[in-house]
Amino acid sequence: MTLGKTDVEGQGIEIIIRETGNEEVPRISADDLLLIVNALKLAGAEAISINDARIINMSDIVDINNSFIKVNGQRIVAPYVIKAIGNQTYLESGLIGNGGYVDELKKIGHDVSIEKINKVKITKYNGEIKTKYME
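Everything numeric in this text was worked out from a predicted model, so none of it was measured.

Draft legend 1. Inspection of the packing of helix α1 (residues 30–42) against helix α2 (residues 88–96) at higher detail. Across the interface, α1 lies against α2 with an axial gap of 8 Å and an inter-helix angle of 140°. Looking at the two axes, α1 sits oblique to α2. Both α1 and α2 take part in a crossing whose hand is right-handed. The segment α1 lies against α2, with I36, A39 and L40 engaging L91, G94 and L95. Taken together, the residues that form the contact of α1 with α2 break down as 5 nonpolar, 1 polar and no charged.

Spelled out as structure tokens, the structure:
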């Protein structure tokens, strides 16, 4: 479970980030998603996914030519649905509390919602976990 190779479920939250269509609002970037994922990890998330792509310790979240985002090598598009399993109060407060990143996104005009869910389902990581230097 810790490696992300099994499906998991438990209490948690779901964050949905929708594109606004307003050209004055900057588009969501890989850095935005990475900051949310890191905030969730710091708040104690036990499992995280973005658009059903499981986040593990070797996951990559990158912008490609400022036109789309790849997570674990797969192209993802808005709306971005981030699921996290853990203490709902801690996870939510890590994002909207004092200086939380979701609050920052809302201030610049992004459409972001957070919902507490009692049974969040996060699918397993389907890729191969490769190491290059460890034996």
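The discussion continues.
Draft legend 2. Structural detail: the sheet that holds strand β4 (residues 61–64). With antiparallel pairing, 3 strands are arranged side by side in an open sheet as β4-β5-β6. The sheet terminates laterally at β4 and β6 (74–76), the two strands that pair on one side only. Averaged over all neighbouring strand pairs, the angle between strand axes comes to 40°, with direction disregarded. Both strand β5 (residues 68–71) and β6 contribute to a ladder of 3 bridges, which runs antiparallel. Bridging from a neighbouring strand, K70 pairs with R75 of β6. The strands touched by α1 are β4, β5 and β6; relative to β4, the strand with the most contacts, the crossing angle is about 170°.

Draft legend 3. Summary view of the pairing of strand β1 (residues 8–18). A large share of β1 lies buried, amounting to 8 of its 11 residues. In this structure, β1 lies alongside strand β8 (residues 111–122), joined through 10 bridges in antiparallel fashion. Across the sheet, the residue bridging to E14 is E115, located in β8. Pairing of β1 with strand β7 (residues 80–85) involves 6 bridges; the strand directions are antiparallel. Paired with I17 across the two strands is Y80, which belongs to β7.

Draft legend 4. A look at α2. Of all the positions in α2, only Q88, L91 and L95 are classed as buried. Buried residues of α2, viewed axially, fall in a sector of 75°; they line one side. Elements that come into contact with the buried residues of α2 comprise β1, α1, β7, α3 (101–107) and β8.

Draft legend 5. Structural detail: the sheet that holds β7. The antiparallel open sheet is built from 5 strands, whose spatial order is β3-β2-β7-β1-β8. Of all the strands in the sheet, the pair left with one neighbour each is β3 (53–55) and β8. Each neighbouring strand pair of the sheet contributes to a mean axis angle of 25°, computed without reference to strand direction.

Draft legend 6. A look at the side chain of E14. Checked against the element boundaries, E14 lands in strand β1. Buried and without a salt bridge, E14 has K83 as its closest oppositely charged side chain, separated by 4.5 Å. In this structure E14 touches V81, I82, K83, S113, I114, E115 and I117, once residues within four positions along its chain are discounted.

Draft legend 7. Structural context of the packing of aromatic side chains. The full count for this structure, using the stated rule, is 0 aromatic pairs. Across the ring face of F68, the terminal group of R75 is positioned such that the distance to the ring centre comes to 4.1 Å.

Criteria and thresholds
Residues numbered from 1 in each chain as written. Predicted model: local features only at pLDDT ≥ 70, side-chain atom pairs only at ≥ 80, totals over all residues. Heavy atoms only, no water. Axes fitted to C-alpha atoms, helices over the stretch in contact; angles between N-to-C directions. Helix = DSSP H or I, 4+ residues; strand = E, 2+ residues; numbered from the N terminus. Parallel < 35°, antiparallel > 145°, perpendicular 65-115°, else oblique. Left-handed = near helix turned anticlockwise from the far one by under 90°. Contact = heavy atoms within 4.5 Å. Nonpolar A, V, L, I, M, F, W, Y, C, P; charged D, E, K, R; others polar. Pairing = 2+ DSSP bridges. Buried < 20%, exposed > 50% of the residue type's maximum accessible area, 1.4 Å probe, protein only. Arc of directions from axis to C-beta. Lys, Arg positive; Asp, Glu negative; His and termini not counted. Salt bridge = Lys/Arg side-chain N within 4 Å of Asp/Glu carboxyl O. Phe/Tyr/Trp six-rings, centres within 6.5 Å; stacked < 30°, edge-to-face > 60°. Lys NZ or Arg CZ within 6 Å of the ring centre and 35° of its normal.

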